[in-house]
Amino acid sequence: MITPNQFKRGTKVEIDGEPFVVVEYLHFKMGRGGANVRTKLKSLLTGNVIEKTFKSDEKLKQPDFEEKEMQYLYNDGTDYYFMDNDTYEQVVVSADEVGEVALFMPENLNVNVLIFNGKPVGIELPNFVELEVVETDPGVKGDTVSGGSKPAKVATGGVVQVPLFISEGDVIKIDTRDGKYIERVKSAK
């Protein structure tokens, strides 16, 4: 069991037998009463987003997921294909269920596939991935007034704000939880 006071972005809860993930949350207290938590929850089965307010001391059930480590093989434009590392069986997950994590998911990456009642409902990436920069503007010396960052497109299609010294061909480390640049792993030169 979990209380709304323990919510973080990405926390999974079960409401009326359906698994949801917390997209946004806000703690607020009005006058004399107890605190409340206003949330936006995304259904892991349908993808619908709902807004719901909970009392801070309310108890919620956490969904009973089965997590399987699988290797991401490829996508055909509409579906993503994963291979179970133990049984070598392939599982097909739709693009809607994979969601935005596909922007930082290179082929052959080991990921955790969340299975709820025998059906894959989501993908959890490792916290950090290393990807090659395929497209970025060259950094201009002296152009640091704007904080010294520029957009860079990585091999999987995601766009990350990077420092000006990053160039095409560099391999960078990205935090998959928030899509932020961490460090340059390998220079293109």
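See the structure printed just above.
Note that the structure is predicted; figures quoted are calculated from it, not measured.

1. Quick notes on the overall build of the chain
Move 1: Helix and strand counts for the chain stand at 1 helix and 14 strands.
Move 2: Each principal axis of the C-alpha distribution contributes one length, and for the chain these read about 60 × 50 × 25 Å.
Move 3: Sorting the 189 residues of the chain into buried and exposed places 39% on the buried side.
Move 4: For the chain, contacts bridging at least 24 residues in sequence account for 42% of all contacts bridging at least 6.
Move 5: Surface exposure of the chain reaches about 11,400 Å², of which carbon and sulfur atoms provide 46%.

2. Looking at the side chain of S43
Move 1: Mapped onto the secondary structure, S43 falls in strand β3 (residues 35–43).
Move 2: Judged by its relative accessible area of 3%, S43 is buried.
Move 3: At a separation of 2.3 Å, a polar atom in the side chain of S43 contacts the side chain of E18.

3. Comments concerning the nonpolar core
What tends to happen in soluble globular proteins is that the nonpolar side chains get buried as a cluster.
Move 1: Ranked by internal contacts, the top residues of the largest apolar core, which has 26 residues, are F82 and M105.
Move 2: Secondary structure elements with two or more residues in this core: β5 (66–75), β6 (79–84), β8 (110–116), β10 (128–136), β11 (149–154), β12 (159–163) and β13 (171–175).
Move 3: If you look at the next biggest cluster of nonpolar residues, it comprises 10 residues, including I2, V13, F20 and V22.

4. Side note on unusual backbone geometry
Move 1: Look at D16: it is not a glycine, yet its phi comes out positive at around 55°.
Move 2: Within the element layout of this structure, D16 appears in the loop between β1 (12–15) and β2 (18–29).
Move 3: Owing to a relative accessible area of 80%, D16 belongs among the exposed residues under this scheme.
Move 4: One non-glycine residue, N108, lies in positive phi territory at about 70°.

5. A closer look at the packing of aromatic side chains
Move 1: Evaluation of the coordinates by the stated rule reveals 4 aromatic pairs.
Move 2: Each ring, one from F7 and one from F54, has its centre 5.9 Å from the other, and the planes form 85°; the classification is edge-to-face. Note that F7 is positioned in the segment before β1 and F54 in strand β4 (residues 49–55), a separation of 47 residues in sequence.
Move 3: Judged by its relative accessible area of 3%, F7 is buried.

6. What to know about the sheet that holds β13
Move 1: The 5 strands are arranged β12-β11-β10-β13-β14 in an open sheet whose pairing can be described as antiparallel. A strand with exactly one partner marks an edge of an open sheet, and here the two such strands are β12 and β14 (180–186). Along the sheet, successive strands turn relative to each other by an average axial angle of 50°, direction set aside.
Move 2: Two strands pair when backbone bridges link them, and β10 and β11 are joined in this way by 3 bridges, in the antiparallel orientation. Looking across to β11, one finds that V133 is bridged to V154.

7. A closer look at the sheet that holds β3
Move 1: An order of β1-β2-β3-β4 is seen for the 4 strands of this open sheet, with the pairing classed as antiparallel. A strand with exactly one partner marks an edge of an open sheet, and here the two such strands are β1 and β4. Recorded for the sheet is a direction-independent mean angle of 45° between the axes of neighbouring strands.
Move 2: In the sheet, β2 pairs with β3 via 9 bridges, with the strands oriented antiparallel. Looking at β3, one finds that V22 is bridged to L41.

Conventions we followed
- Residues numbered from 1 in each chain as written.
- Predicted model: local features only at pLDDT ≥ 70, side-chain atom pairs only at ≥ 80, totals over all residues.
- Heavy atoms only, no water.
- Helix = DSSP H or I, 4+ residues; strand = E, 2+ residues; numbered from the N terminus.
- Buried < 20%, exposed > 50% of the residue type's maximum accessible area, 1.4 Å probe, protein only.
- Contact = heavy atoms within 4.5 Å.
- Areas by Shrake-Rupley, 256 points an atom, 1.4 Å probe, with all protein chains shown as cover.
- Polar contact = N/O pair within 3.5 Å; in protein donor to acceptor, adjacent residues only side chain to side chain.
- Core = buried A, V, L, I, M, F, W, Y, C linked by side-chain atoms within 4.5 Å.
- Phe/Tyr/Trp six-rings, centres within 6.5 Å; stacked < 30°, edge-to-face > 60°.
- Pairing = 2+ DSSP bridges.
- Axes fitted to C-alpha atoms, helices over the stretch in contact; angles between N-to-C directions.

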